[in-house]
Amino acid sequence: MATSIDAILSKQARPLCALLLAAAAWVVSGPAAAGGSAPRTPAELKAQLETIMREERVPGMGLAVVANGQLVWQAGLGLADPAGKTPASAQTLFRVGDIAKGFVGLAALKLQEQGKLKLTDTLKQWAPELALDNPWEASDPVRLAHLLEHTSGLSDMSLMEYAHSAEPPVSLKQALQLNGGGRKARWRPGSRAAHSSVGPALVAYVIEKVSGQRFEDYVTQNFFLPMGMKSASYVEPHSGFAGQYAADGVTALPYWHHLYRPSGALNASAEDMAQYLLLLVNRGSVGGTQIVSPASVERLERPETLAMVALGIKVAPGAGMLNTIENGVHFRGHFGIVNGGLSEVLYLPETRSGVVLMMNSLNELARARMLELLQAYLVQGVPRPAAAPVASVDAELREHYQGYYLEDSPTSERMRFVHDFTDVMQVVFTDNGMIARNVFSGYAEEWIAQTGRTFRQQGQAEPMVAMFRAQDGEIVMQSKWGTLRKVSTFRALAPLAVGALSIFLMLSSLIAGAVWAVKKLFWRDQAAVATSIRLLPMVASMLFFMIGFTLVGAMNLQGLWGGWGAPTAESIAALVVGIAFLVLSVMGVVNLVRQRRPATGRFVYWHSALVSVACLTVALYLLYWQAIGIPVWKM
């Protein structure tokens, strides 16, 4: 499971807070948590997966297992359509989500093999018509490799883009132009990483220009057909498709026409994905046909552009695959998440073994349990590499790097203000490593020095975290999905302190307001004549908490972020409530200034004053980050 540092950094791969909280709630206890010891045969694996499905109410799933480069099992489990009692089969189509990004990487690498492009080519070289503001263009242009490895600095899809679900789907160029004016490299390309579905979509557009074909047609002709992925497609199937459900396994969710189809719209069956898995473990070969070279598959997996790679860390995004280390074993693979579906491809090139799972539910807890079970199945008999000798921490790190760090590579720039509260890390060095503590959650973990500047977990052979000075001179701590920047103690703790105090004051206002209302109603409290002094901050506090409820309601309306990115009743309510919160916060402070000598007790006045200031502070902070006052569907 995610570690204290990695829990912050890996969440950039999944910008879905509700799902992350569910995953964090799952405290692993080994394969026994799935109902027994680690499965040793496909039959045992099937039994334990079905147990998890039953316990977590997952309607159906597709699965494929490869061992020693050969397909050993593919199947559908449970129900594709609970309402119609349609069983899932190996031919049932599921949504595979972000796993589709692997085909963008493979397509680019195939064209590179043919000498038609290079991953080191710049985006501007191939698509100058697509506006992209890169302040470092002269020295560090955005290259295709940056876009594939999520190191370009581009934000992920906006809420408007998430909610866009046109039928028939728009062309890739039209999709990229929908929000084209807002594309900006937020940091020097290659210096940081943050998941973005926009990057691979831009590479797919370049592939269209180079090949002269629609991306979907190029991939079908050069990959799906020769690989035997007969039913794979990027558009909504008319038959044989599994339904899509919320985490409860009951609430049906609408089909999401992903705006950037190459990045996440792929639909495929267990039979289809088995062929993809065979291509990966057999180094580009399927059924005796070499689709791409072994070198291209290795590049698909290998990170090259992220800064920490130069320090020897391999656990970073490749050109289409992700890298992770679990229990000392280095896995390659990719996750997938779309409206009503989760998926995972996971494999070990060394043993030519791997698994693919796809489920028709947004139950992240079930996915986490299944993933641990599949990892345990794959590592049977795999020797763990010996841990590297423990190193001493560099003297420079001890002197200058100890202190507080903040998240500096959010998936979306508009959400940076949230990370200022949830992603504050305190680092304290020990003789042979460091202790990193998340100030918000209190969770701490020890990291062991592998070199003077890289760190690994206990029992692991490869480092996962690096500390160094970036090109701009800032001190950073970097892992596969994010970069933390060293800040002063005041910068790290002040927002937390002010935020906690403000929340406390607003909650106290609601409690005091309830007591005051009872006294006013039953005892006709004559002392409480300055009604507006109490009422304005109390109502403002109530509106603040209502903002969260309306946004959660909007998200639940269409699944994922669809309800936020469209003018629904819930998202409009969030806009109105946010504006009302700002207005009443200002009115509360103005009213206090006007009534400096109210006919009420001193305690009531000063409590109301503190609450009013707290409301105004929070309102101005949210306004600065454009979290209130503008339609969320324009974000």
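Residues numbered from 1 in each chain as written. Predicted model: local features only at pLDDT ≥ 70, side-chain atom pairs only at ≥ 80, totals over all residues. Heavy atoms only, no water.

Student: Mind showing me how you'd approach the overall build of the chain here?
Tutor: Helix and strand counts for the chain come out as 20 helices and 19 strands. Taken across its 635 residues, the chain has 59% of its residues classed as buried. Residue pairs in contact within the chain that sit at least 24 positions apart in sequence constitute 69% of those at least 6 positions apart. When the accessible surface of the chain is summed, it comes to about 25,300 Å², and 60% of that surface belongs to carbon and sulfur atoms. (Helix = DSSP H or I, 4+ residues; strand = E, 2+ residues; numbered from the N terminus. Buried < 20%, exposed > 50% of the residue type's maximum accessible area, 1.4 Å probe, protein only. Contact = heavy atoms within 4.5 Å. Areas by Shrake-Rupley, 256 points an atom, 1.4 Å probe, with all protein chains shown as cover.)

Student: Where do I start with the side chain of His-150 in this structure?
Tutor: Along the chain, His-150 turns up in the loop between α6 (144-148) and α7 (159-163). Judged by its relative accessible area of 4%, His-150 is buried. Side-chain polar atoms of His-150 contact the backbone nitrogen of Ser-196, separated by 3.1 Å. (Polar contact = N/O pair within 3.5 Å; in protein donor to acceptor, adjacent residues only side chain to side chain.)

Student: What is the right way to look at the sheet that holds strand β10 (residues 341-348) in this model?
Tutor: Strand pairing in a sheet relies on backbone hydrogen bonds, with the paired strands running either antiparallel or parallel. Read from one edge of the open sheet, 7 strands run β3-β2-β1-β11-β10-β9-β8, paired in antiparallel fashion. The open sheet has two edge strands with one neighbour each: β3 (86-87) and β8 (322-326). As paired strands, β8 and strand β9 (residues 329-338) are joined by 5 bridges and run antiparallel to one another. Counted as the bridge partner of Thr-324 is Phe-331 from β9. This element, helix α14 (residues 364-378), spans β1 (60-67), β8, β9, β10 and β11 (353-359) of the sheet and lies at about 165 degrees to β11. (Pairing = 2+ DSSP bridges. Axes fitted to C-alpha atoms, helices over the stretch in contact; angles between N-to-C directions.)

Student: Help me out: how do you make sense of the nonpolar core in this one?
Tutor: Soluble, globular proteins show a tendency: their nonpolar side chains are buried together. Counting residues in each nonpolar core, the largest one holds 76 residues, and the members touching the most others are Phe-103, Phe-223 and Tyr-276. Setting aside residues no more than four positions away along its own chain, Phe-103 makes contact with Phe-215, Val-219, Phe-223, Phe-224, Met-227, Met-229, Tyr-234, Leu-266 and Tyr-276. If you look at the next biggest cluster of nonpolar residues, it comprises 34 residues, including Leu-45, Leu-253, Val-329 and Leu-346. (Core = buried A, V, L, I, M, F, W, Y, C linked by side-chain atoms within 4.5 Å.)

Student: Help me out: how do you make sense of the packing of aromatic side chains in this one?
Tutor: How two aromatic rings sit relative to each other is given by the distance of their centres and the angle of their planes. Applying the stated criterion across every chain, the model contains 14 aromatic pairs. Ring centres of Phe-103 and Phe-224 lie 5.2 Å apart, and the angle between their planes is 80 degrees; on these two criteria the pair is classed as edge-to-face. With a gap of 121 residues between them, Phe-103 in helix α4 (residues 101-113) and Phe-224 in helix α10 (residues 215-227) connect regions that are remote in the sequence. Taken individually, Phe-103 and Phe-224 each receive the classification buried, so the pair is uniform in this respect. (Phe/Tyr/Trp six-rings, centres within 6.5 Å; stacked < 30°, edge-to-face > 60°.)

Student: Where do I start with the sheet that holds strand β14 (residues 433-438) in this structure?
Tutor: With antiparallel pairing, 8 strands are arranged side by side around a closed barrel as β12-β13-β14-β15-β16-β17-β18-β19. Averaged over all pairs of adjacent strands, the angle between strand axes in this sheet comes to 30 degrees, irrespective of strand direction. Across 4 bridges, strand β12 (residues 403-407) lies against strand β19 (residues 482-487) in antiparallel orientation. Counterpart to Leu-406 in the pairing with β19 is Arg-485.

Student: Any chance you could explain the environment of Arg-186 here in plain terms?
Tutor: Here Arg-186 lies in the loop between α8 (172-178) and α9 (198-211). Sequence spacing of Arg-186 and Asp-133 is 53 residues, and the spatial spacing of their C-alpha atoms is 8.9 Å. Other than its neighbours up to four places away in sequence, Arg-186 contacts Trp-136, Gly-153, Leu-154, Ser-155, Ala-194, Pro-410, Thr-411, Ser-412 and Glu-413. Here Leu-154 takes part through its backbone oxygen, which lies 3.3 Å from a polar atom of the side chain of Arg-186.

Student: Explain helix α20 (residues 602-624) here, please?
Tutor: Working note: α-helix, 3.6 residues per turn, so residues spaced by three or four point in the same direction. For α20, spanning 23 residues, the distance from its first C-alpha to its last is 33 Å, which sits close to the expected 33 Å at 1.5 Å a residue. A positive phi of about 60 degrees marks Gln-626, the residue just after α20. (Expected span 1.5 Å × (residues − 1).)

Student: How should the packing of α4 against α9 be read in this particular structure?
Tutor: The geometry of a pair of packed helices is captured by two quantities: the angle between their axes and the separation between those axes. Two elements in contact, α4 and α9, have axes separated by 10 Å at closest approach and are oriented at 40 degrees. The pairing of α4 with α9 is recorded here as oblique in orientation. Relative to α9, the crossing made by α4 is left-handed. For the pair formed by α4 and α9, the contact residues are Lys-101, Val-104, Ala-107, Ala-108 and Leu-111 on the first element and Pro-200, Val-203, Ala-204, Ile-207 and Val-210 on the second. (Parallel < 35°, antiparallel > 145°, perpendicular 65-115°, else oblique. Left-handed = near helix turned anticlockwise from the far one by under 90°.)

Student: What should I look at first to understand a nonpolar patch on the surface in this one?
Tutor: Among the surface-exposed residues, Ile-579, Val-583 and Met-587 lie close enough to one another that they form a single nonpolar patch of about 240 Å² accessible area. On the secondary structure map, Val-583 appears in helix α19 (residues 569-594). (Patch = residues over 30% accessible without salt bridge, like charges linked within 9 Å, V, L, I, M, F, W, Y side chains within 5 Å. Salt bridge = Lys/Arg side-chain N within 4 Å of Asp/Glu carboxyl O.)

Student: Sorry if this is basic, but what is going on with the side chain of Arg-485 here?
Tutor: Within the element layout of this structure, Arg-485 appears in strand β19. Owing to a relative accessible area of 19%, Arg-485 belongs among the buried residues under this scheme. Once you skip the residues sitting within four places of it in the chain, Arg-485 turns out to touch Tyr-404, Tyr-405, Leu-406, Asp-408, Glu-474, Ile-475 and Val-476.

Student: When you look at the pairing of strand β2 (residues 70-81) in this model, what are you seeing that I'm missing?
Tutor: Bridging between β1 and β2 involves 8 bridges; their strand directions are antiparallel. Opposite Val-65, over in β2, you have Trp-73 as the bridge partner. Connecting the antiparallel pair β1 and β2 is a turn made up of 2 residues, with Asn-68 showing a positive phi of about 55 degrees. In this structure, β2 lies alongside β3, joined through 2 bridges in antiparallel fashion. Residue pairing across strands places Asp-81 opposite Thr-86, the latter belonging to β3. In this antiparallel pair of consecutive strands, β2 and β3, the connection spans 4 residues, and Lys-85 shows a positive phi of 55 degrees.

Student: What's the story with the packing of helix α3 (residues 42-56) against α14 in this structure? I'm lost.
Tutor: In contact at an axis separation of 10 Å, α3 and α14 are set at 165 degrees when each is read in the N-to-C sense. Classified by the angle their axes make, α3 and α14 are roughly antiparallel. The interaxial crossing formed by α3 with α14 has right-handed handedness. Of α14, the residues touching α3 (which contributes Pro-42, Leu-45, Gln-48, Leu-49, Ile-52, Met-53, Glu-55 and Glu-56) are Leu-365, Ala-366, Arg-369, Met-370, Leu-373, Leu-374 and Tyr-377. Considering only residue class, the contact of α3 with α14 consists of 11 nonpolar, 1 polar and 3 charged. (Nonpolar A, V, L, I, M, F, W, Y, C, P; charged D, E, K, R; others polar.)

Student: When you look at the pattern of salt bridges in this model, what are you seeing that I'm missing?
Tutor: Two side chains carrying opposite charge are able to pair once their charged atoms lie near each other. Taken as a whole, this structure holds 26 salt bridges when the rule is applied. Between Lys-101 and Asp-98 there is a salt bridge; the shortest N-O distance is 2.7 Å. For the pair Lys-101 and Asp-98, one class covers both residues: buried. Two residues, Glu-474 and Arg-192, come together in a salt bridge whose shortest N-O distance is 3.7 Å. Of this pair, Glu-474 sits in the loop between β17 (465-469) and β18 (475-479) while Arg-192 sits in the loop between α8 and α9, and the two are 282 residues apart along the sequence.

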